[in-house]
Amino acid sequence: MNESLPVLLLRQSEGGDPAYLLGVPDLSPAAASAFQQLLALGVVLHRRVLDTWDPCATCSCGAEERRVRWIDSAPFAICPLSREDDEALDPGDLQLFQISLSRLTELVGRAAALDDRPEQVAPCLWRLGRLAGGRVLLLATSSSAVRGAGVFDRLKALDRSAHMTLIANMKSAVDTAALAERGIDVVPPDEAFMPSEPTRPVRVDLNRLLMVTVTSDPDVLEVSPLAFTSAYGGRALQLEPRDARVLNILAREADDGGSLATRDDLYRALVGRDDADAPVGDEQLEKSVSRIRGALCDARGMPRAEGKRLIAAVRGHGYRLVTPTIRVLIR
Ligand SMILES: [Zn+2]
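An unreviewed UniProt entry lists the protein under the name Winged helix-turn-helix domain-containing protein, with Sediminicoccus rosea as the source organism.

(A) Quick peek at the overall build of the protein. For the protein, the count of helices and strands is 11 helices and 19 strands. Among the 331 residues that make up the protein, the fraction classed as buried is 33%. Across the protein, every contact between residues at least 6 apart in sequence was considered, and the portion connecting residues at least 24 apart equals 53%.

(B) Geometry of the nonpolar core. Ranked by internal contacts, the top residues of the largest apolar core, which has 44 residues, are Ile-99, Val-108, Leu-138, Ala-140 and Leu-166. When residues no more than four places from it in sequence are discounted, the contact partners of Ala-140 are Cys-124, Leu-125, Ala-145, Val-146, Leu-166 and Ala-168. Leu-250, Ala-254, Val-289 and Ile-326 belong to the second-largest nonpolar core, a separate cluster that totals 26 residues.

(C) Representation of the sheet that holds strand E3 (residues 52-53) within the structure. Strand order across the open sheet formed by four strands is E3-E4-E5-E6, with antiparallel pairing between neighbours. One side of each edge strand has no neighbouring strand; the edge strands of this open sheet are E3 and strand E6 (87-88). Where E3 lies against strand E4 (residues 66-71), two bridges are found, and the strand directions are antiparallel. Bridge pairing links Trp-53 to Arg-66 in E4.

(D) Representation of the environment of Cys-124. Mapped onto the elements of the fold, Cys-124 is located in the loop between strand E8 (119-122) and strand E9 (125-130). In this structure, the C-alpha to C-alpha distance between Cys-124 and Ala-145, residues 21 residues apart in sequence, is 5.5 Å. Other than its neighbours up to four places away in sequence, Cys-124 contacts Gly-16, Ala-140, Thr-141, Ser-142, Ser-144 and Ala-145.

(E) Geometry of the environment of Leu-221. Note on placement: Leu-221 falls in strand E13 (residues 220-224). For Leu-221 and Arg-235, which are 14 residues apart along the polypeptide, the C-alpha to C-alpha distance reads 9.3 Å.

(F) Looking closely at unusual backbone geometry. A cis amide bond links Asp-17 to the next residue, Pro-18, at an omega of 0°. Within the secondary structure, Pro-18 is located in the loop between helix H1 (4-12) and strand E1 (19-22). Cis rather than trans, the peptide bond between Thr-323 and Pro-324 has omega equal to 5°. Among the structural elements, Pro-324 can be located in the loop between strand E18 (318-321) and strand E19 (327-330). A positive phi is found at Asp-72, a non-glycine position, where the angle reads about 50°. Assignment of secondary structure puts Asp-72 in the loop between E4 and strand E5 (74-78). Backbone geometry at Cys-124 places phi at a positive 65°, although glycine is not the residue there.

(G) How the structure looks around helix H3 (residues 101-111). All buried positions along H3 are accounted for by Leu-101, Leu-104, Thr-105, Leu-107, Val-108, Gly-109 and Ala-111. Of the residues trailing H3, Ala-113 is marked for its positive phi of about 65°.

(H) Examining the sheet that holds E1 more closely. As summarised here, the arrangement of the three strands in space is E1-E7-E2, forming an open sheet in which the pairing is antiparallel. Edge strands, defined here as strands with exactly one partner in the open sheet, are E1 and strand E2 (44-49). Taken over all neighbouring pairs, the strand axes of this sheet differ in orientation by 30° on average, direction set aside. Summarising the sheet, E1 and strand E7 (residues 95-99) pair through four bridges and their orientation is antiparallel. Among the inter-strand pairings, Tyr-20 is bridged to a residue of E7, identified as Gln-98.

(I) Spatial organisation of the pairing of E8. Judged from the three bridges that link them, E8 and E9 form a sheet pairing that is antiparallel. Of the residues in E9, the one forming a bridge with Gln-120 is Trp-126. What sits between E8 and E9 in their antiparallel hairpin is a turn of two residues, with Cys-124 showing a positive phi close to 65°.

(J) Main features of the pairing of E5. Of the two faces of E5, only one is covered, namely that formed by Pro-75 and Ala-77; the face formed by Ala-74, Phe-76 and Ile-78 stays uncovered. Looking at chain direction, E4 and E5 are connected through five bridges and run antiparallel. Residue Arg-69 lies in a different strand from E5, and its bridge partner there is Phe-76. Hairpin remark: E4 followed by E5, antiparallel, with two residues in the connecting loop; positive phi at Asp-72, about 50°. Two elements, E5 and E6, share two bridges in a ladder whose sense is antiparallel. Among the inter-strand pairings, Phe-76 is bridged to a residue of E6, identified as Ala-88.

Basis of the calculations
Residues numbered from 1 in each chain as written. Predicted model: local features only at pLDDT ≥ 70, side-chain atom pairs only at ≥ 80, totals over all residues. Helix = DSSP H or I, 4+ residues; strand = E, 2+ residues; numbered from the N terminus. Buried ≥ 20, exposed ≤ 12 C-beta atoms within 10 Å, placed from the backbone. Contact = placed C-beta atoms within 7 Å. Core = buried A, V, L, I, M, F, W, Y, C linked by C-beta atoms within 7 Å. Pairing = 2+ DSSP bridges. Axes fitted to C-alpha atoms, helices over the stretch in contact; angles between N-to-C directions.

Here it is, written out as structure tokens:
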């Protein structure tokens, strides 16, 4: 995988806990599947889909923000004054993620082949464990961790004989020198996470943990309900949130033994939790299923008329994903 992904997460964590990441990062295909893996591992948690966006750049409406409206599965920032100032948005940019610093440190510790569980010893500072050879490995998720220098004295007092290596993005050479005086080497994350660098005192092999597992089997529909992402035949589906929720229900039922998703469950999914009383009718559900069928066909390069072979309507009852034409994989 691309080692810049955990480096990116650590950089996002600089401001402290909780740390957030706005937008699906722009990644190579391999790193994009590693990102899916981080979601599956709970290192990155999908929090919500933004429903407001930046104000217009040039127009005179004076709005401090624009509402996001989804039109035909694509999000737009809507200017209150003129349609001309509406802006097409990338759905990925609207996703807000939280970074679990405890899970991230656990992942880094395991990737460094440590058996210990990381222990938080101060705000933004973790003792990951002891490397073969006795060196103690520390991780700072923010450079502010080193400002309370007393912390390191306490750590040294616990473990007087041990050499220590701190993985951290240090901002100040003075701080780095002060740590060196206490016998603590500093290694920046991008060096610690290098795939092969045997001369470094620490090697954190993230490749070992983040095997790329996204399947390119053309019949497999992968659904990641937490991440609001899905892929069919290895191609990501572009769905607006309400349609993604409907697909999640269809996938869950299919995974449960190829059974039917009832209209009631699908209505609830379509409306979402935020607005449970909003009226929803057959027509809206039909349109949603039709958009999902279209997205599935597009992913496979099939004519859209084929969509009814993928999601079957059961008159008066609901819909079901047609298995085994589609094989469902829920992450
Ligand atoms: Zn405007």
